[in-house]
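What the coordinates show
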Amino acid sequence: MSSEKLLTLKTRDGEEFVLEEAMAFRSLTIKNATSNYTINNTPLPINVEINTMIKVIEYWKKHSERGISEDELMNFDKKFFKLLHNSELFDLVVAVDYLADKGLSNAACEQVLDKITGKTPQEIRDIFNINNDCTPTSLGG
Amino acid sequence: MWLKHKYLIAENRLVNPSKNIIEEKIVMIPSKNIIEEKTVVIPSKNIIEEKIVVIPSKNIIEEKTVVNPSTSTKKMDADRAMKIHFPDVIIVDILSRLPVRSLLRFKCASKFWRSLISEPYFKTKHWNHAKNNQNFQRFLIGQVCPTSHDKWLGTMSFYCSSVSSVQLVDVQKLGCPSNDKPCGYFIVCCGDGLSLLRSPNDYLLWNPSTNESVVLPNPESPRTFGSAYGLGYDTTSDDYKILRIESSKGYGSNPPCKIFALKSGSWRKIDNHPRGYKIDNHPRRPYDSEFVVNSLAFVHGAFHWIIKDNLSKYFIASLNISNEAYGEMPLPEGICNIYNKLRYGVSVLEGMLCAHCNYRNTEGGTFKLWVMKDYGVKESWTELFTIQETQLLSATPICRFTDGEVLLYYNWARYTEYRTSKGPYRLLPASAASALPYRFLAGSAFIKHLFCYTESLISPKLLV
């Protein structure tokens, strides 16, 4: 593994970590940013918090594994998302949108979709913490 | 990968259990190796019930406790959610993947969401996602009330359902678009998220998903039974167009062709196909005349139908929706040269142009179906299957399911029926009819229309 190119990243809350370049490049944002920065181990700042980044890396790691079957990946995804609470899931969606990883972005959005399909407006307000500013008359449209 | 951390936690136990206990996953953060599991922290305050994440290098425990949602976390999540700035673009992205039913409900979540969902940009984004997605396909069903079976002004009820190859599922009653009682409209065709209805007096462009509709003007010429219609969206002019080809009855060999471009607000005549005239689908039973499905196949930006030239040769005519230019394509080999009492048709199944023929001989009725795998390439006509039954008069393809089954409308000697290769298509959900809040009749004799359409938010009123 020492022959793999490594990248140092720094999260929004000041945490530094090192990642294999190949894995980090699953994020288009990171990939594009590295073209502008010298390879001198100056950490690349990314606008994600460490908690969320750990989850992202966990996902990337599993999906980079060699020889893993579709079924195993599906099971992993199911478990992975099941353990996330709404707030963590939303953090993840925002972070992945920033990181520009299409695969994980779609997967995370689908999870949010599952959570909100079939819910009543009040449940939606609870999930997204929206104020109910709709008056009965304005609903007639 | 490895994390640079200052703490070293021994595996599976706390180094500093001064206060509390972590009950769940503890992970070590070794100075070198790869992290195998979820990071956890040493709390200095509260009891952690589940995983917590910490930034030990700062030696602070942030108040990011996440509690098991089954115990009053709603407030916790809501508080947490407040701190999240959820960019609009992500909300739009997520909402654009939702079924229309959910979106119509979420319009009342807040004023902002309502304006978001009503925006034309959002409707287009939603449509672009829906049109390529099997999950947004639905059936549009027109059921006639038996008491007015023999009257021209039949009382129609409309329903929609999910598309499943086993039976109708998730059947919902739709309101009559014009609020007429009784509802005197028939479904004429569906296309690109909308459907066209007609009554003796006028036409209606209807979105079955949102129940929005707009009345369209009548063309000048009197309408005959057996007219064929096509409805499609033209990307070049960013407009919907309706093509109407009248029945050849009463017009000889040159029935009028008219096009209605929604933005233009009026019908205009176009030239007939240079090489031949359209053949009619004649109904087998007189009382079915007004219900005969006469939609033109719309695929690859063109309407298609069968025409016959003056040498009695049959082929497929096409009219490009953008430049309104005619074209033609040969039918598959082996479809044309069988018997006299032969009926052809074209349809669109799973986005591909298909041709079929029905014929009868002493042994019974035969139905054959071909699909054109490469649009426009004559050699790509591929036979899908043949059906032979003694009592079969004719069959018409309705749609193809994701598992490959084709739904057909069978015209038997004594009755009509919807079937797939597995057998009769169940029109009634497994639960008893009496359990349904509306009067959905099981017999397919009453189901006069079964069309496939795509859910959409497209607003007919804004198109004209």
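The structure this text deals with has already been given above.
These notes cover the structure that comes with them. Note that the structure is predicted; figures quoted are calculated from it, not measured.

1. Remarks on the pattern of salt bridges
Per the counting criterion, the structure on display carries 22 salt bridges over all chains. Between Arg 12 of chain A and Glu 49 of chain A there is a salt bridge, and its shortest N-O distance comes to 3.3 Å. Of this pair, Arg 12 of chain A sits in the loop between β1 (6–10) and β2 (16–20) while Glu 49 of chain A sits in the loop between β3 (44–45) and α3 (50–64), and the two are 37 residues apart along the sequence. On the basis of relative accessibility, which here comes to 23%, the residue Glu 49 of chain A falls in the partly exposed class. A salt bridge links Glu 110 of chain A to Arg 97 of chain B, with the nearest nitrogen and oxygen atoms 3.4 Å apart. Residue Glu 110 of chain A is found in helix α6 (residues 102–116), and its partner Arg 97 of chain B is found in the loop between α2 (88–95) and α3 (100–106); the two belong to separate chains. One salt-bridge network, held together by shared partners, links Glu 110 of chain A together with Asp 93, Arg 97 and Lys 125 of chain B.

2. Digging into helix α4 (residues 111–118) of chain B
Residues Trp 113, Arg 114, Leu 116 and Ile 117 of chain B constitute the buried set of α4 of chain B. All buried residues of α4 of chain B project into a common sector of 160 degrees when viewed along the axis, lining one side. Tucked into the core, α4 of chain B has its buried residues touching α7 (121–128) of chain A together with α2, α3 and α5 (120–130) of chain B.

3. Quick word on the pairing of strand β15 (residues 302–309) of chain B
Residues and elements named next belong to chain B. Where burial is concerned, most of β15 is hidden: 7 out of the 8 residues are buried. Sheet topology note: the strand β13 (residues 276–278)/β15 ladder contains 3 bridges and is antiparallel. Note on β15: the bridge partner recorded for Lys 278 is Ile 307. As paired strands, strand β14 (residues 297–299) and β15 are joined by 3 bridges and run antiparallel to one another. Each bridged residue has a counterpart across the sheet, and for Val 299 the counterpart in β15 is Ala 302. By the bridge criterion, 7 bridges tie β15 to strand β16 (residues 314–320) in an arrangement that is antiparallel. If you follow Ala 302 over to β16, its bridge partner there is Asn 320.

4. Structural notes on the environment of Ser 195 of chain B
Residue and element names in this part refer to chain B. Tracing the backbone through its elements, the reader meets Ser 195 in strand β6 (residues 194–198). With 37 residues separating them in the primary sequence, Ser 195 and Gly 232 have C-alpha atoms 9.7 Å apart. For Ser 195, the contacting residues outside a window of four places in its chain are Leu 140, Cys 189, Cys 190, Leu 204, Leu 205, Trp 206, Pro 208 and Leu 231.

5. Points about the packing of helix α5 (residues 86–99) of chain A against α6 of chain A
Residues and elements named next belong to chain A. Between α5 and α6, whose axes approach to 9 Å, the crossing angle comes to 145 degrees. Note on packing geometry: the crossing formed by α5 with α6 is left-handed. Residue-level inspection shows Asn 86, Leu 89, Phe 90, Val 93 and Val 96 of α5 in contact with α6, the latter providing Leu 104, Ser 105, Ala 108, Gln 111, Val 112 and Lys 115. Taken together, the residues of the contact of α5 with α6 sort by class into 7 nonpolar, 3 polar and 1 charged.

Conventions used here
- Residues numbered from 1 in each chain as written.
- Chains lettered and ligands numbered in written order.
- Predicted model: local features only at pLDDT ≥ 70, side-chain atom pairs only at ≥ 80, totals over all residues.
- Heavy atoms only, no water.
- Salt bridge = Lys/Arg side-chain N within 4 Å of Asp/Glu carboxyl O.
- Helix = DSSP H or I, 4+ residues; strand = E, 2+ residues; numbered from the N terminus.
- Buried < 20%, exposed > 50% of the residue type's maximum accessible area, 1.4 Å probe, protein only.
- Arc of directions from axis to C-beta.
- Contact = heavy atoms within 4.5 Å.
- Pairing = 2+ DSSP bridges.
- Axes fitted to C-alpha atoms, helices over the stretch in contact; angles between N-to-C directions.
- Left-handed = near helix turned anticlockwise from the far one by under 90°.
- Nonpolar A, V, L, I, M, F, W, Y, C, P; charged D, E, K, R; others polar.

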